[in-house]
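# Fold and contact review
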Amino acid sequence: MRGLSAGAIVLAATVAGASLVYRTVTLIAGGAAHTTQSASDSWSQWGGPQRNFVSASTVLADEWPESGPPVIWSRPLGTGHSAIVTDGDGLLFTMYRTGNGRGRQGPWEAGETVVALEAASGKTAWEHSYPSGIEDFSFGAGPHATPLVVGDRLFTIGTNQQLFAFDRRTGRVLWSRDFIREFGSPELLIRPVVKVGYGCSPIAWRDTIICSVGGPGQSVMAFRQSDGAVVWKGGDFLTSAAAPILIDVDGQIQAVFLAGGAIAGLDPDTGRVLWSHVHDPGNDLNCGTPLWGPDNILFVSSAYKAGSRAIRLRQSGGVTEVEELWFTNRVRYMFLSAVRVGDYVYGTTGDFGPAFLTALDVRTGESAWQHRGFSRASLLYAGDKAILMDEDGDLALVRLAPDGLTVLSEAKVFDTVSWTAPTLVGTTLYARDREKIVAFDVGRRESRRTETPSESGSGAVTAVADMRGGTAPAPLQSGTIDAPVDLSGTWKLDAADADAAATGPSVAGLSAAGAPPMLFITHAANGTVLVESSINGSQARTYRPGRTISSPALQGGTATTTAAWAGRTLTAEGTIAPTSGKPTPIGEVYAISDDRATLTVDVTGEVSGRLRYVRITNMGPCQTWPTPCKR
């Protein structure tokens, strides 16, 4: 088994590992890709029919020949990490960039391509190429996001945040938006050292598509599918490359984003942030798709300073309440797809050291077993088996159970790094590495081309939304906990306080010393206030007036504060405890001006004083950020 380099770990943000999301909102594009595919198995989006890497197929082969499953076709394809989706009418879609898929320095072309392939043969049906700048591709070139098929349209987002809507049959561009040029979105993720380009795969809701964008007041945006018009903007939190999901919380549909330093739930009709909860790797590299279960447990996992945690969501008095069940830093599903089956999550854990497959009890956080023998891998679940595609190019058929892993078959199928999650349509598996794409027949001999898949036993909600823009039940109205002011915003340290950046006070966790140069504050409808910093290695803080909450701080330490409103100011008092040693008292007071243009933070601690921030509407060029881009 080969370990992943520290640099390759940074690229995890581009792969946005998908996960089994129980009881997610089923989004049906309709139609059948070929005779073995039903609407419930259409795989028109990231993660498949339920956005959870679970297939309705129940007739996978029990074993493969020693050489692997039979190859239906194989063809060259450029580098990139976009997964493969289908339209139900015999076309496949993905994205690529022409260049060297093996070298860390390329060369790569300054452009990328959206391609439609004939599912039966792999032949090109149409292509659309456009200019796309080269970012830090030292651990793999973009594009990274996966296309989305909605009815007759195909939606894609490229490395440089260009959103396109195509006629899926002809490749004609219907409309396009440029997040950076039109909306002033940050060019790249703000905190990572290696900034690889956009990687978040969009999701459909009613007549919109929803995707992370970034920037003041627009962490997430919704665009009308028909013409690209902006429907709403929401959020001031840091963004990531993780793909969003839609979930049903006691009757209310929510869009969940594992963002740069937190998990956030939004109203998909308005963009209002309903709740947020800290989950901060320190560098915006939250990559895995959240896992949602019929028990209302949301599971998330990341590498670096984060780890794995489970929270339970419920409706109470018109607001979403969040209860953390457990957290562990011993299991870190860094990227690629993990799946939830029953009460267990299966995936590859490990970041800087060796990686191994593990089963984690989502109720307790306890690890049931560990299996060495594969490198980092994507998992895809179908019937009673799973297909495993690891980064070294090994494809395996396995059984997953709480008492262990059973390997049924294994074969080497790729020569370069394979970080693209595979796609299963009926009994055909589509997989790619950085040089080619291959279609495999993974069905039982007697079932080939005759399968009629049954509904997946994942407990998913039946079609509450039609991806073609049809009607859907209205979400429950969510209340808002009354607060005297809204602290939300993107804030920059006042130039008059420049000295404070190096020698002045700091908010515990938001920078190692001195004032954080920027603050990103999310004030959710349930009363939670989340505060993030632009500093690489920082740890987000959270406050809930009337409650005592702990947040990560220092190197493995914890800041515990009790917050309350005092007039128009948010006050918090408590202690900060390092990993060893005596806790020390801390205090913070947040106050916003009447015109909402300035924010002051009074800090009591090892260094005390007042910090003054001004509201900004644009992040500026990435070369000026605390962790600048490398161009």
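Attention here is on the structure that accompanies the text. The residue count restarts for each chain, going from 1 along the sequence in the order it is written. The predicted nature of this model means local features are confined to residues of pLDDT at least 70 and side-chain atom pairs, given and counted, to a pLDDT of 80 or more, with totals for whole chains, interfaces and linings taken over all residues. Side-chain metrics in this entry use all non-hydrogen atoms of the structure; hydrogen atoms and water are not considered.

With that settled, the discussion passes to the side chain of T423. Secondary-structure assignment places T423 in strand β32 (residues 423–425). Summary of the burial criterion: residues with accessible area below 20% of their type's maximum are buried, those above 50% are exposed, and those between are partly exposed, where the area comes from a 1.4 Å probe applied to protein chains only. Taking the relative accessible area as the measure of exposure, T423 reaches 1% and is therefore buried. Note on contacts: a residue pair qualifies if any of its non-hydrogen atoms lie within 4.5 Å across the two residues. In this view, T423 contacts W43, I84, L380, T428, L429 and Y430; residues no more than four positions away in its chain are not counted. Strands here are runs of E lasting at least two residues and helices are runs of H or I lasting at least four, both read from the DSSP assignment and numbered beginning at the N terminus.

Let us look at the state of the cysteines. In a disulfide, the sulfur atoms of two cysteines are held together by a covalent bond. Any pair of cysteine sulfurs within 2.5 Å is marked as a disulfide. Per the stated rule, a full pass over the model turns up one disulfide. Across a sulfur-sulfur distance of 1.9 Å, C622 and C629 are joined as a disulfide pair. Residues C622 and C629 are joined by a disulfide whose S-S torsion is about 70 degrees; by sign, that bridge is right-handed. Residue class for C622 comes out buried when judged on its relative accessible area of 0%. According to the relative accessible area criterion, C629 is buried, its value standing at 8%. The closest cysteine sulfur to the non-disulfide-bonded C211 is located on C200, 7.0 Å from its own sulfur. Residue C211 is classed as buried on the basis of its relative accessible area, which comes to 0%.

Looking now at the sheet that holds strand β19 (residues 273–278). Spatial strand order, β16-β17-β18-β19: four strands in an open sheet with antiparallel pairing. Sheet topology places β16 (245–249) and β19 at the edges, where each strand pairs with a single neighbour. For this sheet, the mean angle separating the axes of adjacent strands, direction not counted, is 30 degrees. The pairing of strand β17 (residues 252–258) with strand β18 (residues 262–266) spans four bridges and is antiparallel. Looking at the pairing, L258 lines up with I263 of β18. Think of it this way: DSSP has to see at least two bridges between two strands before they count as a pair. The convention used is that axes are lines fitted to C-alpha atoms, helices contributing only their stretch in contact, and that angles between N-to-C directions extend from 0 to 180 degrees.

Here we have four strands laid out as an open sheet, ordered β24-β25-β26-β27, and antiparallel in their pairing. At either margin of the open sheet sits one strand with a lone partner, and together these are β24 (339–341) and β27 (367–371). Between one strand axis and the next, the sheet turns by 20 degrees as a mean value, whatever way the strands run. Where strand β25 (residues 344–349) meets strand β26 (residues 356–361), six bridges bridge the pair, whose relative direction is antiparallel. Bridge pairing in β26 places Y346 opposite A359.

Burial within strand β14 (residues 220–224) is extensive, with four of its five residues counted as buried. Taken together, the five bridges between strand β13 (residues 208–212) and β14 define a ladder with antiparallel strand orientation. Considered in β14, the bridge of I209 is made with F223. Taken together, the four bridges between β14 and strand β15 (residues 230–234) define a ladder with antiparallel strand orientation. When the bridges of β15 are listed, V220 appears paired with G234. The antiparallel pairing of β14 with β15 creates a hairpin that spans five residues between the two strands, and G228 there sits at a positive phi of about 80 degrees.

Interpretation in functional terms is not warranted from these geometric data alone.
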